[in-house]
Amino acid sequence: NAGVTQTPKFRILKIGQSMTLQCTQDMNHNYMYWYRQDPGMGLKLIYYSVGAGITDKGEVPNGYNVSRSTTEDFPLRLELAAPSQTSVYFCASTKAGGVGYTFGSGTRLTVV
Amino acid sequence: GESVGLHLPTLSVQEGDNSIINCAYSNSASDYFIWYKQESGKGPQFIIDIRSNMDKRQGQRVTVLLNKTVKHLSLQIAATQPGDSAVYFCAETSETGRRALTFGSGTRLQVQP
């Protein structure tokens, strides 16, 4: 049981490049989330999904896209990287009922 | 929008002392309030939660207090240890809808040996 797995752990992008941050969970959780964390700050919600085929925007969705074709996977796509997207990205999941959120170990992204 | 925030950005305590980390929240409709610990380079780690209809909950060396009258949440850590050094976040969520966590900005706890 691996929990929530994020890849890659680190990435440096040039302005305008694209990339996909991968997130997968093996706990059969319906709810999945993408957060970003800027230095010294709390986590801010980018996108979320309440089940396969269903996604919606969080507080800071601009510049990002997501998909949820399976229960396990919830990739986050950056189409045109900007320096403002330099941050640490966390994926999380939870099941219906309760507050047992499981977080991945994060992806540290730098856009130069 | 609704937000959860913290009073103190950094708290320094002596090993063995008790620590108290505070949090103010504004969304009175939240169903749960949760404390997370985050060590450098890692994701948030669940510490303890409290349902909105409770005012106190105890775990191992930790106690969470909820004062709905003044919208205040606190985390008490007994006999603080060096391994408790980390950033602590309070968060809130609802049982319905998207069920996403709303985080505060964090308090850094430094334990002096």
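Model, not experiment: these values are computed from the prediction.

Chemist: Account for the overall build of chain A, naming residues and giving values.
Modeler: Across its full length, chain A holds 0 helices and 11 strands. Scanning chain A from its N terminus toward the C terminus, one meets helices and strands in the order β-β-β-β-β-β-β-β-β-β-β. For 112 residues, the compact-globule estimate of 2.2 N^0.38 gives 13 Å, and the C-alpha radius of gyration of chain A, at 13 Å, lies within 12% of that figure. Dimensions of chain A, computed from the C-alpha atoms along their principal axes, are close to 40 × 25 × 25 Å. For chain A, restricting intrachain contacts to residue pairs at least 6 apart in sequence, the fraction spanning at least 24 positions comes to 55%. When the accessible area of chain A is evaluated, it comes to approximately 5200 Å², of which 53% is carbon and sulfur surface. Side-chain charges of chain A comprise 10 positive and 7 negative groups, with the mean position of each set lying 8 Å from the other.

Chemist: Provide a residue-level description of the pairing of strand β4 (residues 32-38) of chain B, including the pertinent values.
Modeler: If a strand is regular, its side chains alternate between the two faces of the sheet. All names here are of chain B. Most of β4 is tucked away: 7 of the 7 residues are buried. Side chains of β4 alternate between two faces, with Y32, I34, Y36 and Q38 and F33, W35 and K37 buried alike. Bridging between β4 and strand β5 (residues 45-51) involves 6 bridges; their strand directions are antiparallel. Residue pairing across strands places F33 opposite I50, the latter belonging to β5.

Chemist: Can you lay out the sheet that holds strand β7 (residues 64-66) of chain A for me, pointing to particular residues and giving the numbers?
Modeler: Working definition: the strands of a sheet are paired by backbone hydrogen bonds and lie parallel or antiparallel to each other. Residues and elements named next belong to chain A. If you walk across this open sheet you meet the 4 strands as β1-β3-β8-β7, and the pairing is antiparallel. Across the chains shown, the open sheet's two edge strands, defined by having one partner strand only, are β1 (4-7) and β7. Sheet twist, expressed as the average angle between the axes of neighbouring strands with direction ignored, equals 20 degrees. Direction of pairing for strand β3 (residues 19-25) relative to strand β8 (residues 76-78): antiparallel, over a ladder of 3 bridges.

The rules behind each value
- Within any chain, residue numbers begin from 1 and follow the written order of that chain's sequence.
- Chain labels run from A onward and ligand labels from 1 onward, assigned in the order the entries are written.
- Only residues with pLDDT of at least 70 are given local features in this predicted model, and only at 80 or more are side-chain atom pairs given and counted; all residues enter the totals for whole chains, interfaces and linings.
- The basis for every side-chain value is the complete set of heavy atoms in the structure, and neither hydrogens nor water enter the calculation.
- Secondary structure is summarised from DSSP: a helix means a run of H or I of at least four residues, a strand means a run of E of at least two, and numbering begins at the N terminus for each.
- For a compact globule the rule gives 2.2 Å times the number of residues to the power 0.38, and the radius of gyration it is set against comes from C-alpha atoms.
- The contact rule is simple, with two residues in contact once any of their heavy atoms fall within 4.5 Å.
- Per-residue accessibility takes into account occlusion by the displayed protein chains alone, with areas from the Shrake-Rupley method and a 1.4 Å probe.
- As used throughout, the charge tally considers Lys and Arg to be positive and Asp and Glu to be negative, leaving His and the chain termini uncounted.
- A charged residue contributes its charge at one atom only: NZ of Lys, CZ of Arg, CG of Asp or CD of Glu.
- A simple rule labels every residue: compare its accessible area, found with a 1.4 Å probe on the protein chains alone, to the largest value its type can have, and call it buried under 20%, exposed over 50%, or partly exposed in between.
- At least two DSSP bridges between two strands are needed for those strands to be called paired.
- Every axis in this analysis is a line fitted to C-alpha atoms, fitted for helices over the stretch in contact. Angles between the N-to-C directions lie between 0 and 180 degrees.

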